[in-house]
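# An overview of the molecular structure
Residue strings, one per chain:
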Amino acid sequence: PSGYKVHMEKPSGNRAWRLIGTVAEGTFCHKPCTVSGGGKSEISKQITDAFIQGPVFVSDFKKDFDQVAELINRDYSNRFKNGKKRDSRPILSGERSLGSVIKLLSPSSREYTQEYNDWLLAVPQYIKELVFVVKRFYKPEWDGNWREHFGVDIINGTPGNELKCDNRKLVSNYLRVGFEADGSWRVFGLRKDFHPAFKVAREDDISATVVVPSALLKNLDPDYTQQSMKFAHNCEYRLFQRPDDAIHRGYDKQTEADFTKPGNFFSNYEPLTSLDAQDLLDDSIGFDKFTMPIQDLIRAAANPAPSDPAYFVSSAHPRIVEGKPSKNPRYLQIRPDLLKQRDVYLTEMATRLRRRVPMNEPLYTPVNATLPGRRNNPPEAAAGIRSLAVYNPIHYMELPELFMEYISSMTGKSPSTTGAGSEGALTKSPFNALAPIIDLNNALVAYVLCGHDGFVTAAAYVGPNARVDHDVSLLIPELWSRMLVSERDPQFLVKNGYLERCKDFKHQGKAVQASRLGYRITRRFVTSYFGRVFNHPASVFTEEMLKPELQDMATFADGMDNIIATHQRVAQMYFDDGSIEMACPPLKALLHIMVHGHWEGKNSSDEEFRKMFTRDYLLQSAWYAERLAAKQKQELALWNRHIDYLKKFLGKTSHVEEAKRLRIAERLEMAKASIDFVKSQGYMKHLEGTLGLQPLKS
């Protein structure tokens with residue numbers, strides 16, 4: 001068995017049953033160092049709650065399907081810029097997938113001729129949509145007679161507009177990705193073969209992590225070749241959720257279901273009475289928008305039994321503060337993975353089958369995608385909040401730029417906070433009793449050892465004018481789980497034009513250090529990879545969203561100035577408190593560059609500086625050797641403490657029988673053998689590829 005799972009599912013909307021296939025290996029999407037409102041919770045939420053369903057419409061069935069036939073029968077072999085390249089597969093050929101058809105009908109300035117792109121742009125989007133519908137439902141046994149299987153009802157003697165296939169009305173799924181300037185939703189059609197990724201929530205706000213050399217582990221996923229692996233485990237029983245979109249009745253179905261369960265904890269929700277429940281019932285149209293669980297709750301609250309509570313809360317009714325609904329409603333959600341143990345079990349078993357891991361051996365599922373999030377905002381002059389809307393939906397940052405982000409941990413205005421600014425190193429500095437530089441040192445060592453690539457995703461805004469809230473955050477796991485491991489490699493993405501470097505430039509005579517933003521996704525990335533989710537990926541992110549400076553150059557320049565100034569201000573704190581002396585050499589050099597713009601005469605693009613962030617440099621460095629020696633010293637102290645305790649236990653005459661039962665003498669011998677190993681050079685070799693320990697100097 002391969003671990004590949006197949007199950008039957010009947011989608012909502014009374015559509016036909018479907019066979020759903022799920023691969024055996026999942027993608028562990030880790031969202032570390034993410035600021036308030038940056039999308040930590042959204043990465044594990046089911047995207048199905050955001051689906052919008054609707055019929056497939058035609059304007060004039062005959063005319064529209066005449067155009068569809070033209071597209072299906074067209075010869076596309078001469079579309080390539082490279083005249084030697086040919087692809088003559090028909091649209092309805094079994095050799096061409098639906099994704100291939102979507103790519104075929106999406107403009108590409110890199111691959112296709114200008115003439116072909118112009119022709120594509122002249123084809124109405126809804127006609128292309130109908131081509132995708134035909135491709136999705138086409139069966140080989142139709143033998144080319146596909147047109148007779150589609151039609152519309154005749155209503156009052158006139159052809160209708162709802163498309164049917166074999167006399168069954170067709171339904172499409174749509175997804176919101178942002179808002180227009182007037183607040184209306186930007187809604188896009190999902191591919192007909194799209195099915196949401198199956199998710200197992202692994203973490204939210206607080207995780208414990210460990211880095212382990214891969215050589216010490218068995219039965220790892222062969223697709224990943226890192227020499228060290230990071231493992232993360234959730235520390236929480238309940239997740240501290242802020243369901244922003246639950247204000248829209250019926251939108252966040254999971255939250256509405258959670259609100260009806262007993263034993264909940266709510267914060268910043270309005271206490272509603274039975275009279276409020278009756279008013280909600282009387283508003284029939286508004287009441288019907290709720291999902292059934294909330295409807296049942298409201299009905300029960302409207303006619304309470306004597307023993308029922310006096311109040312209830314609704315996910316659509318945050319607490320009223322100073323005459324307005326609070327922007328920071330919260331509730332504690334029991335971890336979904338604890339409630340859906342069957343799903344977790346099936347996921348684990350599938351992976352075991354694929355890797356052939358026996359039940360008596362551990363199954364290792366390390367982090368294999370690092371996707372921190374940033375909250376962006378347009379300027380608010382009245383509140384004194386500067387712009388942070390300089391990011392496009394996804395940026396790749398090499399380690400020096402990524403750690404500038406982590407050190408400053410800038411956040412735009414969020415409902416979680418009173419303003420905007422820096423949340424400190426790795427976003428949780430105020431909650432840490434240790435000096436932030438210790439966390440930064442540990443984090444850098446982990447990134448270098450594990451070879452993790454940091455892809456920063458956008459929340460709230462993409463540029464100052466394009467509001468997206470958490471819509472991008474919800475999409476990222478769907479995207480990453482559909483990309484091959486090789487396709488997520490930044491070198492591959494840069495080489496093939498999926499990522500472009502952000503370059504410094506001048507605006508009104510002043511330098512704009514846009515290179516701090518690393519690399520950002522291009523139109524080709526959107527067309528290729530978002531095309532695995534959407535029918536028309538090119539329309540999901542406009543050119544102004546991919547290049548936010550096009551929305552407002554002055555705002556972009558000020559946003560970059562804001563970032564550079566914050567980098568400098570936060571980095572200066574490490575000089576002021578003296579913790580710069582505890583920084584490992586790469587971070588010490590980085591902090592100097594953040595404050596002074598240079599380190600020993602070198603800037604951030606200098607090759608000698610950048611090689612300090614490589615694994616080879618780390619393993620050969622004296623400072624990493626000191627970390628391993630510090631770890632050895634700590635382990636020696638620990639085992640000596642164990643031995644002293646066991647000796648004292650054995651020395652007590654009152655504990656003779658208990659010592660036999662607990663086999664204390666055997667444990668003592670084991671402890672002595674362990675301390676001999678810890679003292680050896682073999683143990684130091686054993687530690688290579690781990691974090692080691694921060695040496696503390698008095």
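All values reported here derive from a predicted model rather than from experimental measurement.

Calculation rules
- Residues numbered from 1 in each chain as written.
- Predicted model: local features only at pLDDT ≥ 70, side-chain atom pairs only at ≥ 80, totals over all residues.
- Heavy atoms only, no water.
- Helix = DSSP H or I, 4+ residues; strand = E, 2+ residues; numbered from the N terminus.
- Rg over C-alpha atoms; globule rule 2.2 N^0.38 Å.
- Lys, Arg positive; Asp, Glu negative; His and termini not counted.
- Charge placed at Lys NZ, Arg CZ, Asp CG, Glu CD.
- Pairing = 2+ DSSP bridges.
- Axes fitted to C-alpha atoms, helices over the stretch in contact; angles between N-to-C directions.
- Parallel < 35°, antiparallel > 145°, perpendicular 65-115°, else oblique.
- Left-handed = near helix turned anticlockwise from the far one by under 90°.
- Contact = heavy atoms within 4.5 Å.
- Nonpolar A, V, L, I, M, F, W, Y, C, P; charged D, E, K, R; others polar.
- Phe/Tyr/Trp six-rings, centres within 6.5 Å; stacked < 30°, edge-to-face > 60°.
- Buried < 20%, exposed > 50% of the residue type's maximum accessible area, 1.4 Å probe, protein only.
- Lys NZ or Arg CZ within 6 Å of the ring centre and 35° of its normal.
- Core = buried A, V, L, I, M, F, W, Y, C linked by side-chain atoms within 4.5 Å.
- Patch = residues over 30% accessible without salt bridge, like charges linked within 9 Å, V, L, I, M, F, W, Y side chains within 5 Å.
- Areas by Shrake-Rupley, 256 points an atom, 1.4 Å probe, with all protein chains shown as cover.
- Salt bridge = Lys/Arg side-chain N within 4 Å of Asp/Glu carboxyl O.

### Topic: the overall build of the protein
Secondary structure summary: the protein contains 24 helices and 29 strands in total. Taking 698 residues into account, the globule formula puts the C-alpha radius of gyration at 26 Å, and the protein, at 29 Å, falls close to it. Charge-centre separation for the protein: the mean point of 93 positive side chains lies 4 Å from the mean point of 85 negative side chains.

### Overview of the sheet that holds strand 4 (residues 51-55)
With antiparallel pairing, 3 strands are arranged side by side in an open sheet as 4-10-11. The open sheet has two edge strands, strand 4 and strand 11 (185-189), and neither has a second partner. When strand polarity is set aside, the average angle formed by the axes of neighbouring strands in this sheet is 40°. Summarising the sheet, strand 10 (residues 171-179) and strand 11 pair through 4 bridges and their orientation is antiparallel. The residue bridging phenylalanine 179 from the neighbouring strand is tryptophan 185, located in strand 11.

### Overview of the packing of helix 6 (residues 274-282) against helix 8 (residues 292-302)
At a closest axis distance of 7 Å, the pairing of helix 6 and helix 8 adopts a crossing angle of 125°. By the angle between their axes, helix 6 is oblique relative to helix 8. Here the hand of the crossing between helix 6 and helix 8 comes out left-handed. Between helix 6 and helix 8, the contacting residues are Ser274, Ala277, Gln278, Leu280 and Leu281 on the first element and Ile298, Arg299, Ala301 and Ala302 on the second. When the residues that make up the contact of helix 6 with helix 8 are grouped by side-chain class, the tally is 6 nonpolar, 2 polar and 1 charged.

### With respect to the packing of aromatic side chains
Applying the stated criterion to the full structure yields 34 aromatic pairs. Residues tyrosine 76 and tyrosine 116 carry aromatic rings whose centres are separated by 6.3 Å and whose planes lie at 85° to one another, so their mutual orientation is edge-to-face. Taken together, the positions of tyrosine 76 in the loop between helix 1 (61-73) and helix 2 (98-104) and tyrosine 116 in helix 3 (residues 114-122) put the pair 40 residues apart, joining distant regions of the chain. With a relative accessible area of 4%, tyrosine 76 lands in the buried category. Look at tyrosine 498 and tyrosine 529: their rings are 5.1 Å apart centre to centre, the planes differ by 45°, and that puts the pair in the tilted class. Residue tyrosine 498 is found in the loop between helix 14 (490-495) and strand 26 (499-501), and its partner tyrosine 529 is found in helix 15 (residues 523-529); the two are separated by 31 residues along the sequence. Grouping residues by exposure puts tyrosine 498 and tyrosine 529 together as buried. For the cation-ring pair, arginine 330 lies above phenylalanine 240, with the distance from its terminal atom to the ring centre recorded as 4.5 Å.

### Quick word on the nonpolar core
Phe403, Leu440, Leu590 and Leu591 are the most contacted members of the largest nonpolar core, which has 69 residues in total. Among the elements that make up this core, the one with the highest residue count is helix 12 (residues 436-450) (11 residues). Core analysis: the next-biggest nonpolar cluster, separate from the first, contains 42 residues, Phe188, Leu474, Leu499 and Tyr519 among them.

### Brief notes about the packing of helix 12 against helix 18 (residues 585-596)
Where helix 12 contacts helix 18, the axes come no closer than 10 Å and their chain directions differ by 115°. Crossing geometry of helix 12 relative to helix 18 is assigned as right-handed. Seen from helix 12, the contacting residues are Ile437, Leu440, Asn441 and Leu444; seen from helix 18, they are Pro586, Leu587 and Leu591. Taken together, the residues that form the contact of helix 12 with helix 18 break down as 6 nonpolar, 1 polar and no charged.

### Section: a nonpolar patch on the surface
Where nonpolar side chains cluster on the molecular surface, the patch consists of Tyr4, Val6, Met8, Trp17, Leu19 and Val23 and spans about 710 Å² of accessible area. By the element assignment, tryptophan 17 lies in the loop between strand 1 (5-9) and strand 2 (18-22).

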